Structure formats: C-alpha cells, structure tokens
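These are the residues of each chain, in order.
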Amino acid sequence: MTGMTPAIRAAKLREDFPLLSSSQEQGPLIYLDSAATTLKPRCVIDAMVRYYTEYGGSVHRGIYRIAEQATAEYENTRREVASFIGAETTDSIIFTKGTTESINLVAYAWARNTLKPGDEILITEMEHHSNIVPWQMVAKSTGALIRYLPLNSDGTLDLNRSEQYFTPHTKLVAVIHQSNVLGTVNPVKEIVKLAHDAGAVILVDGAQRVPHHSVNVTDLGADFYVFSGHKMLGPTGVGVLYGNLEILDKMEPFHGGGDMIRTVSMNASTWNALPYKFEAGTPPIAQVIGLGAAVKYLSDIGLDRIAAYETQLTAYALKTLREIPDIEIYGDARERGAVISFNAGSVHPHDLSQLLDQDGIAVRAGHHCAQPIMTRLGISATTRASFYLYNTFEEIDLLGESIRKAITFMGG
Ligand SMILES: Cc1ncc(COP(=O)(O)O)c(C=O)c1O
C-alpha cells in the first residue's frame, strides 16, 4: 500500500455485491471481467428500485411532488458527476446511453458539421471499436482522412515522431485513456498539448480510466471526455459526455425532440441551453440516479485507495501468470491498469474461458472490440482477466490454478 492510503478490505466490501454471494452452479462466482461491465453494489440497485417504487415521475416537466423529486435526484447526479471528474460546471455534463453514444454525439454533432476533405482525424492503434467506427463513418461522409498513431512493442504509444502525426491538417484527435486490451495508460495530458498545439480538438475515451483512477478533466484540458456508467458500478444505459462549453455551445444538436428545444413553431425550432440541448426525449432517469449512487459509493471508498489496491492486484496477477509456462502476456507498459490480456500455449481463448467457467471463473475471450490491435499483435484473440475493487488475491491464485489445469487438459 502506498504512503498513508488506507487499505481496501475487499472481503468486507464484497458483501455489498449481491452477485458475489449468489450461488452459481460451479460454486462462488469469481468475476474477472470488470473491463466489460462491473458488478453492482446493493446501494445502486436500491437507488433505482427507490426511484421506481417511491417517486417514479418524469424529469424537468411535472409540477407535482414526485416529478420534482425525480428532477432533483437526476440533477443531483449531474452535480456529483461534475465534481467526481473535476468539471467546473454542470452545464458541461451531458447524460448519454454510454461511451459509444457519447462518441457518436461528437461525431455527428461536431465532426460531420466541421470536417472537410483533406482534414485529418488522428486516432491510435489501440482504440476500442467505438472510437474507430464513428470516425470511419465521419471520414466517409466528409472526405476527412483517418491516421493511426502507432504502438511500441511494449504496448505504449509511439510519440517519438509526433510531428509527423500532429500537423496543421489534424483537426481531431481521439484517444483512449486506458487500453481495454493492454491496460496501457496513455500520457493524455501530453497528447492534449500536442493536439492543441496543432490546433486540433481532442476527445478522450475514459471508459476504462474513470472507474479505476481519479480523473480531473479540467486539469487534463481535453475538449471532450467520455465514459460509461456500467463500467463503474452503475447501471447499463447511461454514460457521460463532458465537453468544452465553447465548443458545445457552437454545436448543433445530435437528436431532436422534447426537452432539447426552447421554442417550436410550425416551421422551425430553437434550442435549449446546455446541457439540455443534447438530451432529447425522456432520459434514462433511473439509470442516471443509479449512476449517482455508484459515484457516491466510489467516492466514499476513495479512488486513490481503489487505484492503490488495483495496482497490487495487477502486480500479483502478472507475477502469477508469468510463472505459468507458455503464457504470453500482451502489453508491458510501466503505467498500466488492472487488465491483463494473454494467451496460454496453443489453447484457444474461447476454449480456455469455457474451461475457466467450469471453475466459476468469468473472463473474456475474443478481440475485445479492438480488432486493429489484434492485427498489430498478429493474433486473432486473447483471454482477458480484469480486476476491480471487489477482487481478491485468492481469486488470482484460483485463476492461476485453473489456467494450469486447462493447459494440461488441452495438452497444450
Ligand atoms: C475503452 C472502451 N471504450 C469504449 C467502450 C464502449 O463502451 P459502451 O459499450 O459502454 O458504450 C468500451 C467498452 O468495452 C471500452 O472498453
């Protein structure tokens, strides 16, 4: 444990997560797939049940008690989220369905209306599909060109020849904060500076960072920062787009409908103020309220404690896996998050994850929605174990034992 940061007592905290004490066919659940989605603590589930059972009205419209309470709780989450990521104002916090929708919002409402033929969109070889495909669609419709920042062999970004990539043609940089495959944490502040020095706008995909480490968007200085509720103990169906107010203000809306307008006449409409201009229709109220409970839960524990605990877990997992003959681990960045992708001898990741499942261990197998990185590594798939605050060192021991058993079983 670093400095004076008090340790996480995972054994105690696990009691907050109903799925960890549920009985599975194979015994207790060993959940090592938090990079895909996280388990939910009771307080998040309760907050959503309370909304539906006690004050389930719509927001921003009703002038009666339960609608006013729903609006207050919904807007309270906006304040909690703003403070959680260090945003200066709640106007810059837009609720979306998740990271994917947040990126698409920027792609449609900013990039499609701004980029021209010859402009360049700079992304990296380690992006998730949700930070590749929307830009490919933008490139197709605007004539802009996509360029990829390459990787070093240790899974870090190669920024040595940055002047070749950050040029006067670069209009948008979209970069993942922490890789969902390699665990690499990118030097985002440095990349923000490179982007701004080139006159480009920058979007950071924080889906894998915000749940695990404190993030201060004001300090980072990115124009857009996006993440998902379900990867940080919150429900599915809610995410966040943080945006630079000046840019958001100039952008056209993404979706049209109720709540995002100021006036509507037969022929035309005018837009509501930020952040409502980008929240058309009845929003995911219960999910936003659930996200508020998740943010409070994480804040009460403290992101510094969570990050310190995960650093220990990851170091232990790397050591455990490296002791297994024939394991290949992808990515060796000095600064990395709690996710490890690997292959075990000639055992296919799908077979391995099925065998691990027989021991109650849930890991992910496949390309992890990041096919370009698989191409770069010359493989088609990996097995991925990812950890969060509720995982224990004992679970990592069991993972190691189960992998050894699977390799022996498969002869491989
Ligand atoms: C780095 C990264 N970006 C984006 C996404 C997409 O998130 P969502 O499916 O919640 O929109 C994920 C999900 O796995 C991810 O890991």
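Residues numbered from 1 in each chain as written. Predicted model: local features only at pLDDT ≥ 70, side-chain atom pairs only at ≥ 80, totals over all residues.

Draft legend 1. Representation of the overall build of the chain in the model. Along the chain, the regular secondary structure elements total 14 helices and 15 strands. Relative to the globule expectation of 22 Å for 412 residues, the C-alpha radius of gyration of the chain, 22 Å, shows essentially globular dimensions. Here the C-alpha coordinates of the chain stretch approximately 70 × 55 × 40 Å along the principal axes. Looking at the chain residue by residue over its 412 residues, the buried ones come to 47%. Within the chain, contacts between residues at least 6 apart in sequence are counted, and of these 71% link residues at least 24 apart. (Helix = DSSP H or I, 4+ residues; strand = E, 2+ residues; numbered from the N terminus. Rg over C-alpha atoms; globule rule 2.2 N^0.38 Å. Buried ≥ 20, exposed ≤ 12 C-beta atoms within 10 Å, placed from the backbone. Contact = placed C-beta atoms within 7 Å.)

Draft legend 2. Main features of the sheet that holds strand S3 (residues 120-124). On the basis of which strands lie adjacent, the open sheet formed by 7 strands has the order S2-S8-S7-S6-S5-S3-S4 and mixed pairing. For this open sheet the edge positions go to strand S2 (93-96) and strand S4 (145-149), each flanked by a neighbour on one side alone. Neighbour to neighbour, the strand axes of the sheet diverge by 20° on average, direction disregarded. As paired elements, S3 and strand S5 (residues 170-176) share 3 bridges and run parallel to each other. (Pairing = 2+ DSSP bridges. Axes fitted to C-alpha atoms, helices over the stretch in contact; angles between N-to-C directions.)

Draft legend 3. Spotlight on the confidence of the model for the chain. Summing up the model confidence of the chain, the mean pLDDT is 96 and the portion of residues at 70 or higher is 99%. When mean pLDDT is taken per element in the chain, strand S7 (residues 224-228) scores highest with 99 and helix H1 (residues 10-13) scores lowest with 88. (pLDDT = per-residue confidence, 0-100.)

Draft legend 4. Region of interest: the domain arrangement of the chain. Looking at the chain, the domain boundaries give domain 1 (10-31 + 302-409) and domain 2 (46-299). The interface is formed by 23 residues belonging to domain 1 together with 22 residues belonging to domain 2. Sorting the residues of the side of domain 1 that touches domain 2 by element identifies helix H11 (303-322), strand S12 (339-344) and helix H13 (371-377) as the ones contributing at least two each. A breakdown of the residues in the side of domain 1 that touches domain 2 according to their chemical character gives 12 nonpolar, 4 polar and 7 charged. (Domains from an automatic or database assignment. Nonpolar A, V, L, I, M, F, W, Y, C, P; charged D, E, K, R; others polar.)

Draft legend 5. Main features of the pairing of strand S9 (residues 261-264). Inspection of the sheet shows S9 paired to strand S10 (residues 269-271) by 3 bridges, in the antiparallel sense. Looking at S10, one finds that Val264 is bridged to Ser269. Following S9, the chain reverses through 4 residues before pairing antiparallel with S10.

Draft legend 6. Representation of the sheet that holds strand S14 (residues 364-366). The 4 strands lie next to each other as S11-S12-S15-S14, forming an open sheet whose pairing is antiparallel. Either end of the sheet is taken by a strand with one partner, and the two such strands are strand S11 (327-330) and S14. Strand-to-strand twist of the sheet, defined as the mean angle between neighbouring strand axes without regard to direction, takes the value 30°. Bridge count between S14 and strand S15 (residues 382-386): 3 bridges; the pairing is antiparallel. Residue Gly366 lies in a different strand from S15, and its bridge partner there is Thr382.

Draft legend 7. Quick look at the packing of helix H3 (residues 65-84) against helix H10 (residues 285-301). Direction vectors running N to C along H3 and H10 enclose 40°, while the axes themselves pass 9 Å from each other. Judged on the interaxial angle alone, H10 and H3 are oblique. Note that H3 runs across H10; the crossing there is left-handed. Taking contact as the criterion, the partners of Ala70, Glu73, Tyr74, Asn76, Thr77, Glu80, Val81 and Phe84 in H3 are, on H10, Ile285, Val288, Ile289, Leu291, Gly292, Val295, Lys296 and Ser299. Split by residue class, the contact of H3 with H10 holds 9 nonpolar, 4 polar and 3 charged. (Parallel < 35°, antiparallel > 145°, perpendicular 65-115°, else oblique. Left-handed = near helix turned anticlockwise from the far one by under 90°.)

Draft legend 8. Quick look at unusual backbone geometry. Residue Pro275 follows Leu274 across a cis peptide bond; omega there is 0°. For Pro275, the location among the structural elements is in the loop between S10 and H10. Here Asp259, not a glycine, exhibits a phi torsion of approximately 75°, which is positive. One non-glycine residue, Cys369, lies in the positive phi region at around 55°. Along the chain, Cys369 falls in the loop between S14 and H13.

Draft legend 9. Here's a closer look at the environment of Ile327. Looking at the element boundaries, Ile327 is found in strand S11. Each C-alpha atom of the pair Ile327 and Gly56 lies 51 Å from the other, and the pair is 271 residues apart in sequence. If we ignore the near neighbours within four places in the chain, the residues touching Ile327 are Leu321, Arg322, Phe342 and Ala344.

Draft legend 10. Spatial organisation of the pairing of strand S8 (residues 239-243). Within S8, 5 of the 5 residues are buried, which leaves the element mostly enclosed by the surrounding structure. Here S8 shows no split at all, with Gly239, Leu241 and Gly243 on one side and Val240 and Tyr242 on the other all buried. Looking at chain direction, S2 and S8 are connected through 4 bridges and run antiparallel. By the bridge assignment, Phe95 is partnered in S8 with Val240. Bridging between S7 and S8 involves 5 bridges; their strand directions are antiparallel. Across the sheet, Ser228 pairs through a bridge with Gly239, a residue of S8.

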